[in-house]
Amino acid sequence: MLEKKSVVIAGGGSTYTAGIVMMLINNQDKFPLKSLKFYDNDFERQKVVADACEIIIRERAPEIEFVATTDPEVAFKDVDFVMAHIRQGGLKMREMDEKIPMKYDVVGQETCGPGGIAYGMRSITGVVELIDYMEEYSPNAWMLNYSNPASIVAEATRVMRPNAKIINICDMPVAIKQGMADIVGLKSGNDIVDRYYGLNHYGWWTEILDKDGNDLMPKLKEHVKEYGYGPDTSGNDNPLLMEQSWMDTFTKAKDIYAVDPDTLPNTYLKYYLYPDYVVKHTDPNHTRANEVMENREKNVFTECRNITSKGTAEDTTLEAGEHAEFIVQLAGALSYNTHERMLLIVENNGAIANIENDAMVEVPCIVSKRGYEPLAMGKIPTFQKGMIEQQVSVEKLVVQAYMEKSYQKLWKALTLSATVPSAGVAKLILDDLQEANKEYWPELS
Ligand SMILES: NC(=O)c1ccc[n+]([C@@H]2O[C@H](COP(=O)([O-])OP(=O)(O)OC[C@H]3O[C@@H](n4cnc5c(N)ncnc54)[C@H](O)[C@@H]3O)[C@@H](O)[C@H]2O)c1
Ligand SMILES: O=P(O)(O)OC[C@H]1O[C@H](O[C@H]2[C@H](O)[C@@H](O)[C@@H](O)O[C@@H]2CO)[C@H](O)[C@@H](O)[C@@H]1O
Ligand SMILES: [Mn+2]
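Quick notes on the rules
Residues numbered from 1 in each chain as written. Chains lettered and ligands numbered in written order. Predicted model: local features only at pLDDT ≥ 70, side-chain atom pairs only at ≥ 80, totals over all residues. Helix = DSSP H or I, 4+ residues; strand = E, 2+ residues; numbered from the N terminus. Contact = placed C-beta atoms within 7 Å. Near = placed C-beta within 6 Å. Nonpolar A, V, L, I, M, F, W, Y, C, P; charged D, E, K, R; others polar. UniProt positions renumbered as here; feature names shortened; annotations may be inferred. Buried ≥ 20, exposed ≤ 12 C-beta atoms within 10 Å, placed from the backbone. Pairing = 2+ DSSP bridges. Expected span 1.5 Å × (residues − 1). Axes fitted to C-alpha atoms, helices over the stretch in contact; angles between N-to-C directions. Parallel < 35°, antiparallel > 145°, perpendicular 65-115°, else oblique. Left-handed = near helix turned anticlockwise from the far one by under 90°.

A. Highlighting the overall build of the protein chain. Each helix and strand in the protein chain was counted, giving 16 helices and 12 strands. In terms of principal-axis extent, the alpha carbons of the protein chain reach across some 55 × 55 × 40 Å. Across the protein chain, every contact between residues at least 6 apart in sequence was considered, and the portion connecting residues at least 24 apart equals 68%.

The following block contains the structure:
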């Protein structure tokens, strides 16, 4: 009999919350819950999701105690896990992050380039606040953090809260591994054993095996060379790829692969290796934030309101995906000592032998009750080493700029980003971002 756990989802009003709830309910045999709480700083937004989830829980797992609150003490008291996915400033500020750089023909993206830097400067405050609540009310709990930009958040928490029990995670490699499984005819990304190194949204696979140790790289390389991680002409039913913008990202991996055919890339490297292409293929007046507001946000909130008005979730379209599966799997591994191998964002400390020890890197780790143990990925080639060192410096400068309230350091961070062509353009973008983020960033001087 597994011991029951208590979880708070921070960012209860997120578009991903209902998916995580569905996953938790479906996994009561593997990760049984005593209580589930929602916490958000926006009561009205969270209420829409919470009212629907309360009905789902009542119908499918009534033994779970459920509470939605904006009171940190109620939320964070007596929990084993904080599953965090907040978006400081909301999708409206994401829209600014994406549109401001585009005014200067520079990549406008949620987590990469100037947009990611601006978002990082907002997120640090919110995530550190969550850590402080957790440490005050449940000092033994783990925070599993999805809040983006995960690399900058990870570096900030490493420096500002060095002893915090936080694990920063990303579902992007999980989604790509599901794509790889589809390509080679395996059922799930969990059937793949991989070696991978890099930073968040910025890494490379060096080995992909199946559970019997068979090398899947040759078949995958053949496919990626032609189609990226997109489907071949026979089609694909991966729901993520139904969206054209995601399909473009997955197929562009073909051109990233061409730069280094020894490895298989993370898709988001396109923002650093092909920024000119990305800018050319982005509508500066209608960016990804607009698509998310018109699609995922609208769909989730409409469905939640439907459930509440009908009083039942019997025929709900809400479902759990890989994103939810990954965080619940991680909580299970930490709780029940499964020793699963998972990609996590952790302090390097030699995992990548020729990268500085205090970089926050993404590598495979073995997860158990003790926490996580990173696996050694060895020395990496000059190309990747150069790229990683440049991007690590960007992320470290952002965190230093935040802590020292330094305009100069933030300017350096933008200037150093491979997405930005010059210090002059970096300054123009920075001044616009600073104005737009007055409410959220520390005052810089
Ligand atoms: N790491 C990953 O791979 C990954 C994958 C998907 C999403 N995400 C991240 O998950 C987060 C949620 O995404 P979304 O599209 O659902 O956003 P969203 O705006 O729909 O939801 C975020 C929620 O957080 C709340 N919030 C904002 N600041 C808060 C604070 N300081 N304290 C408490 N609550 C706060 C908002 O009110 C909102 O309800 C984002 O950071 C996104 O980038 C990360
Ligand atoms: O533009 P969005 O909001 O749709 O996505 C931004 C996020 O993209 C990645 O997450 C994907 C994930 O890879 C996939 O499995 C599925 O869950 O959809 C997610 C996005 O909808 C990325 O890892 C995140 O960090 C981004 O926030
Ligand atoms: Mn991610």
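B. Quick peek at the site of ligand 2. Neighbouring ligand 2 are 13 residues; Asp171, Met172, Ala175, Arg288 and His323 lie closest to it. Counting residues per element, the ones that place at least two in the shell around ligand 2 are helix 7 (172-184), helix 12 (288-310) and helix 13 (322-336). Within the shell around ligand 2, the residues separate by chemical class into five nonpolar, four polar and four charged.

C. Structural detail: the UniProt feature "binding site: Mn(2+)" (unreviewed entry) in the protein chain. With numbering aligned to this structure, UniProt lists the feature "binding site: Mn(2+)" (unreviewed entry) at Cys170 and His201. Spatially, the listed residues are clustered: although they cover 32 residues, their C-alpha atoms lie within 8.1 Å of one another. Mapping Cys170 onto the fold places it in the loop between strand 6 (166-168) and helix 7. Cys170 has contacts with Ala150, Asn200, His201, Ile345 and Glu362, leaving out every residue within four places of it along the chain. You can see His201 is positioned in the loop between strand 7 (192-199) and strand 8 (202-210). Overall, His201 belongs to the buried group, with 25 C-beta atoms counted inside 10 Å. Not counting the four nearest positions on each side in its chain, His201 is found in contact with Thr111, Cys112, Cys170, Met172, Asn266 and Tyr268.

D. Just the site of ligand 1, in detail. Around ligand 1 sit 27 residues in total, of which Gly11, Gly13, Ser14, Gly126 and Asn148 are the nearest. Among the residues making up the shell around ligand 1, the classes are represented as eight nonpolar, 13 polar and six charged.

E. Spatial organisation of the sheet that holds strand 8. The antiparallel open sheet is built from three strands, whose spatial order is 7-8-9. Each edge of the sheet is formed by a strand with only one pairing partner; in this case those strands are strand 7 and strand 9 (264-265).

F. The UniProt feature "transmembrane region" (unreviewed entry) in the protein chain, seen in detail. Taking the numbering used here, the UniProt-annotated feature "transmembrane region" (unreviewed entry) corresponds to residues 7-25. Along residues 7-25, the helical share is 47% and the strand share 21%, with 12 Å between the first and last C-alpha atoms.

G. Inspection of helix 13 at higher detail. In this model, helix 13 (15 residues) spans 20 Å end to end at C-alpha, consistent with the 21 Å of a helix rising 1.5 Å per residue. Counted residue by residue, helix 13 has 13 buried out of 15 residues, so it is predominantly covered.

H. Spatial organisation of the packing of helix 1 (residues 17-26) against helix 13. The interhelical angle for the contact between helix 1 and helix 13, taken along N-to-C directions, is 55 degrees, at an axis separation of 8 Å. On the basis of their axis angle, the class for helix 1 and helix 13 is oblique. The hand of the helix 1/helix 13 crossing is right-handed. On the side of helix 1, the interface is formed by Gly19, Ile20, Met22, Met23 and Leu24, while helix 13 contributes His323, Ala324, Glu325, Ile327 and Val328. For the contact of helix 1 with helix 13, the class distribution of residues is seven nonpolar, two polar and one charged.

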